[in-house]
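Coordinates in review
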Amino acid sequence: MNLGNYLLYRLSTALTVLFGASALSFGLVFLTPGDPAETILDQREDTHPTPEAVEAFREAEGLNDPIPIQYVDWVVGISNGDLGESYYSSQSVTTLLVEHAPTTIELALASMVVALCIAVPAGIVSAVHRGDRIDIGSQLAALIGVSMPNFWLGYLLIIVFSLYLGLFPVSGSGSLSQLVLPAVTLGSGMAAIITRLVRTAMLDELESEYVTAARAKGLRERLVLYKHVLRNALIPVITIVGLQFGFVLNGALVVEVVFQRPGLGMLLVDSIFARNYPVVQGIVLLTAVIFVVTNLLVDLSYYRLDPRIRLGGTNS
Amino acid sequence: MIVATLSVTATLGPVVVPYDPTATNVGPQIQSPTLAHPLGTDQLGRDVLSRVVHGARYSLGIALLVTGIRVVLGTIVGLAAGYAGGWIDEALMRLVDIQLAFPGLVLALVVAGILGPSLRNVMIALAVVGWATYARIVRGTVLSAKEREYVAAGRLFGAPRWRIARRHLLPSVMNPVMVIGTLNIGTVVLATAGLSFIGLGAQPPTPEWGTMLAGGRHYLRTAWWLVNVPGIAIALTVLGFNLLGDGLRDALDPHLQTRVEEV
């Protein structure tokens, strides 16, 4: 497949998925048991609403239109950058998302850095010393890292580093010192997954013939490792790291609650409890878009890095 | 080992422990571990050991049930897609793509939140967001198994399609599904506890691990055991299933590339 066709193919599947995802983001709200308008008003005003109030709310929010019409209205709005308004304040959902996103992006990037700083060296050392004590140790550490719930790890770090040692603040966001603990919490879980990946990828590469050839011609081991093996081994690693970027939102949900960081995760949790559906729909759609775009980018980087795809391998 | 201990704990534990997990003031409030209360008591004077042991029942029960539903749903969809091919395959796989376009926990949170906070709704939410991975794996396995001679032979002898699917294709997908399923149980335990921690799952006073952890977070300075006991319980459970899954993979299907999903 040449680049043009491949791009076209990937873009068309991505668009199909986005269409489905938008319908799903929108439709989820209709799972509400009972009448959404009544439930929302009930929660907002704290008293049972009068039938007139419910009717007025429905009319104002366009909930009386047939669902397909509501969906079309919503999509048309999105194409103008309008995701609707919060039920609780007159703020637009777009503004809310833009306000909360930087906190989450900051956390995501910082934890990726933490993860890579731990995982790449650990994976390399593990692979080079395969079967040694150091390898077993690092694999065990990785296994524990995957198994630890990040909300517990977060509190553990708070207890040790904030309450006893007083090194970092317990919660909040904005300064670098407030970023350290959340980033370590989120990053160490990812590091565990990436370490295993780097190790396996390195081992696969170390067994291939070009390594023997490189060694046979007397290339220094360090050069073999870093110039040849690491470079090839990083291809699958990039994919997973890319996918992890979407998954960061999963972790951010919980980590932001633990550290009281006002990011998208926290906003989603608050909006869910408040039944602030326009905000929920907006965040869900945004995560799906981020996910689809990262997937697309990962596939395209694969295309660049791995010539086999260029020669017409199927993409499943 | 860990899994075996856990299963015994979950089945027999509640009978053995000395206190009712929801009874308040069985001891003094917030007392650090003593002989009478080996894991201390919480802010309402409840025995933490009794609570954590009862919690094993919730966590294991939910994880097994949710994983079971995911496996069944995913296997049916994967078998149908892989075996039928054509537009059915195309449509089902797009559905899988759409499902996988969301980070699992985010979607589960939204579904559970909209249905309303309860343990049952968390289970529904986790079950419907997790089947797609299985469908993909099963479909892949079926596609390669379909080309085998024994399937062609079956078809040649005029065996009905459902019979070929059940007798010849289903067994070939059992191994990968079992391995992924075991590894998945750990992640379901994590997700259930996470959602309960956020406040969507089990409601107090249910002795569920995530709920317990959430209850203990206001006492970090005075009562370290309140968050750490359920935390350790969750971590050990997940570790146990991960070890079991790794072992199964080595034994059954060493070439299987397992990607540990987050949810």
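Model, not experiment: these values are computed from the prediction.

Ranked by size, the top nonpolar core spans 127 residues in total, and within it Met202 and Leu268 of chain A together with Leu109, Phe197 and Ile234 of chain B carry the most contacts. Per-element accounting of this core gives the leading share, 16 residues, to helix α10 (residues 221-259) of chain A. Lining this core are residues from two domains, each supplying at least three of them: domain 1 (1-88 + 279-316) and domain 2 (100-273) of chain A. Ignoring sequence-local partners within four residues, the contact set of Leu109 of chain B consists of Leu253, Leu268, Val269 and Ile272 of chain A together with Leu195, Ile198 and Leu200 of chain B.

Residues and elements named next belong to chain B. Of all residues in chain B, 79% have pLDDT values of 70 or greater, and the mean over the chain is 78. Looking over chain B, one finds the lowest element-wise mean pLDDT in helix α1 (residues 2-16), namely 62, and the highest in helix α5 (residues 119-129), namely 89. The low-confidence segment residues 258-263, where pLDDT is below 50, has 25 contacts with residues more than four positions distant or belonging to other chains. With a pTM of 0.82, the predicted complex shows an ipTM of 0.80.

What follows covers the pattern of salt bridges. Where charged atoms of side chains with opposite charge meet at close range, the side chains can pair. A full pass over the atoms with the stated rule returns 6 salt bridges over all chains. Across the pair Glu106 of chain A and Arg261 of chain A runs a salt bridge, and its minimum N-O distance is 3.0 Å. Residue Glu106 of chain A is found in helix α5 (residues 93-128), and its partner Arg261 of chain A is found in the loop between α10 and α11 (264-274); the two are separated by 155 residues along the sequence. By relative accessible area, Arg261 of chain A is classed as buried at 0%. In this structure, Asp97 of chain B engages Arg94 of chain B in a salt bridge whose closest nitrogen and oxygen atoms are separated by 3.0 Å. Separated by 3 residues within a single helix, Asp97 of chain B and Arg94 of chain B lie in helix α3 (residues 86-100), roughly one turn from each other. A residue is classified by how much of its surface remains accessible, and Asp97 of chain B, at 17% relative accessible area, is buried. When salt bridges that share partners are traced, they join Glu90, Arg94, Asp97 and Arg136 of chain B into one network.

This part covers the interface of chain A and chain B. Tallying the contact residues gives 51 residues for chain A and 47 residues for chain B. Area buried by chain A at its contact with chain B is led by Phe151, Trp152 and Tyr155 of chain A, which between them contribute 14% of it. Between the two partners, chain A and chain B, sit 6 residue pairs in polar contact (both at pLDDT 80 or more). Elements with a contribution of two residues or more to the side of chain A that touches chain B: α1 (3-27), α6 (133-147), α7 (150-164), α8 (176-206), α10, α11 and α12 (277-305) of chain A. Considering only residue class, the side of chain A that touches chain B consists of 39 nonpolar, 10 polar and 2 charged.

Okay, the confidence of the model for chain A next. All names here are of chain A. This prediction gives chain A a mean pLDDT of 80; 92% of its residues lie at or above 70. Within chain A, no element has a lower average pLDDT than helix α13 (residues 307-310), which sits at 57, and none a higher one than α11, at 89. Here residues 312-316 scores under 50 on pLDDT; set against residues more than four positions off or in separate chains, the count is 6 contacts.

All names here are of chain A. Per the domain assignment, the segments of chain A are domain 1 (1-88 + 279-316) and domain 2 (100-273). Here domain 1 packs against domain 2, burying approximately 1300 Å² in sum over the two surfaces, 83% of which is carbon and sulfur. For the pair domain 1 and domain 2, the interface holds 0 salt bridges. Taken together, the links from domain 1 to domain 2 amount to 0 residue pairs in polar contact (both at pLDDT 80 or more).

What counts and how
- Residues numbered from 1 in each chain as written.
- Chains lettered and ligands numbered in written order.
- Predicted model: local features only at pLDDT ≥ 70, side-chain atom pairs only at ≥ 80, totals over all residues.
- Heavy atoms only, no water.
- Core = buried A, V, L, I, M, F, W, Y, C linked by side-chain atoms within 4.5 Å.
- Buried < 20%, exposed > 50% of the residue type's maximum accessible area, 1.4 Å probe, protein only.
- Helix = DSSP H or I, 4+ residues; strand = E, 2+ residues; numbered from the N terminus.
- Domains from an automatic or database assignment.
- Contact = heavy atoms within 4.5 Å.
- pLDDT = per-residue confidence, 0-100.
- Salt bridge = Lys/Arg side-chain N within 4 Å of Asp/Glu carboxyl O.
- Buried area = accessible area lost by both parts, 1.4 Å probe.
- Polar contact = N/O pair within 3.5 Å; in protein donor to acceptor, adjacent residues only side chain to side chain.
- Nonpolar A, V, L, I, M, F, W, Y, C, P; charged D, E, K, R; others polar.

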